[in-house]
Amino acid sequence: MAFDLITQIAYDDRGLVPTIIQDYLDGTVLMLAWMNQESLQKTIDTGETWFWSRSRQTLWHKGETSGHIQLVKSMHYDCDSDALLIGVKQLGDIACHTGERSCFHQVQGLKESPPSNTLSDLFKVICDRIENPIEDSYTCKLIAGGDNTILKKIGEETAEVIMAFKDRDKGAIAGEVADLFYHTLVALAAHSVDLQTVFHQLEARKK
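Residues numbered from 1 in each chain as written. Predicted model: local features only at pLDDT ≥ 70, side-chain atom pairs only at ≥ 80, totals over all residues. Heavy atoms only, no water.

Q: Honestly, the packing of helix α4 (residues 138–167) against helix α5 (residues 170–190) in this entry has me stumped. Any pointers?
A: The angle between the axes and the distance between the axes are what describe a pair of packed helices. Packing of α4 against α5 brings their axes to within 8 Å, and their N-to-C directions diverge by 150°. On the basis of their axis angle, the class for α4 and α5 is roughly antiparallel. Along this stretch, α4 crosses α5, giving a crossing that reads as left-handed. Residues belonging to the contact of α4 with α5 are distributed by class as follows: 16 nonpolar, four polar and five charged. (Axes fitted to C-alpha atoms, helices over the stretch in contact; angles between N-to-C directions. Helix = DSSP H or I, 4+ residues; strand = E, 2+ residues; numbered from the N terminus. Parallel < 35°, antiparallel > 145°, perpendicular 65-115°, else oblique. Left-handed = near helix turned anticlockwise from the far one by under 90°. Nonpolar A, V, L, I, M, F, W, Y, C, P; charged D, E, K, R; others polar.)

Q: Help me out: how do you make sense of the sheet that holds strand β2 (residues 29–35) in this one?
A: In a beta sheet, neighbouring strands are held together by backbone hydrogen bonds and run either parallel or antiparallel to one another. Reading across the sheet, the four strands line up as β2-β1-β6-β5 and stay open at both edges, with mixed pairing between neighbours. Only two strands of the sheet have a single neighbouring strand rather than two, namely β2 and β5 (70–77). Here the average twist between neighbouring strands, direction ignored, is 25°. The pairing of strand β1 (residues 17–23) with strand β6 (residues 84–90) spans five bridges and is classified as parallel. (Pairing = 2+ DSSP bridges.)

Q: How should the packing of helix α3 (residues 118–131) against α5 be read in this particular structure?
A: Where α3 meets α5, the axes come as close as 9 Å, and the angle between the chain directions of the two elements is 50°. When the axis of α3 is compared with that of α5, the two are oblique. For the pair α3 and α5, the crossing hand works out as right-handed. On α5, the residues that touch Leu-119, Leu-122, Phe-123, Ile-126, Cys-127 and Ile-130 of α3 are Phe-181, Tyr-182, Leu-185, Val-186, Leu-188, Ala-189 and Ala-190. Looking at the contact of α3 with α5, its residues break down into 13 nonpolar, no polar and no charged. (Contact = heavy atoms within 4.5 Å.)

Without other data, these values stay purely geometric and don't point to any function.
Right under this line is the structure:
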């Protein structure tokens, strides 16, 4: 199977293929690097990412010196077989040599967390509201109300989700589930429970 993947890839005239590294849980793009047949084979054999350095003309094992190793969770190649997408568990949660989680952390010269999935991005906004309150923000009002306010809303939204399902109203179901997700994220942030921890729990449910 590994041999088939290596021979399926359409390497460029330098024998290289661009490889996108992505967080396997929340989809954050962590980095872009290059692989050749040897580094791809070592990645498959070891379950950790290996790349080809174009500047040093040598193989390099991601995290060998920093300890920020990438454990491979999935491997895909595109429709033209000339690009790889590898989902990883990033140890230390740092992929960039600058110490940032992702190499794609700059927006027009400013540093910013890279986009991921909708739940993760919403959770970041909620966490930011806790650290940097905004007047008239509904999220800030929930946080200010503490558990009594937050948990009461979760109870109300749960009841509304149940009623929407009983009514078999798909639009209402989507809206009420979204409300429940949002208020649950607020509760997680208020109790300093990282969303990644929840993703790990969900990942375990797949087994």
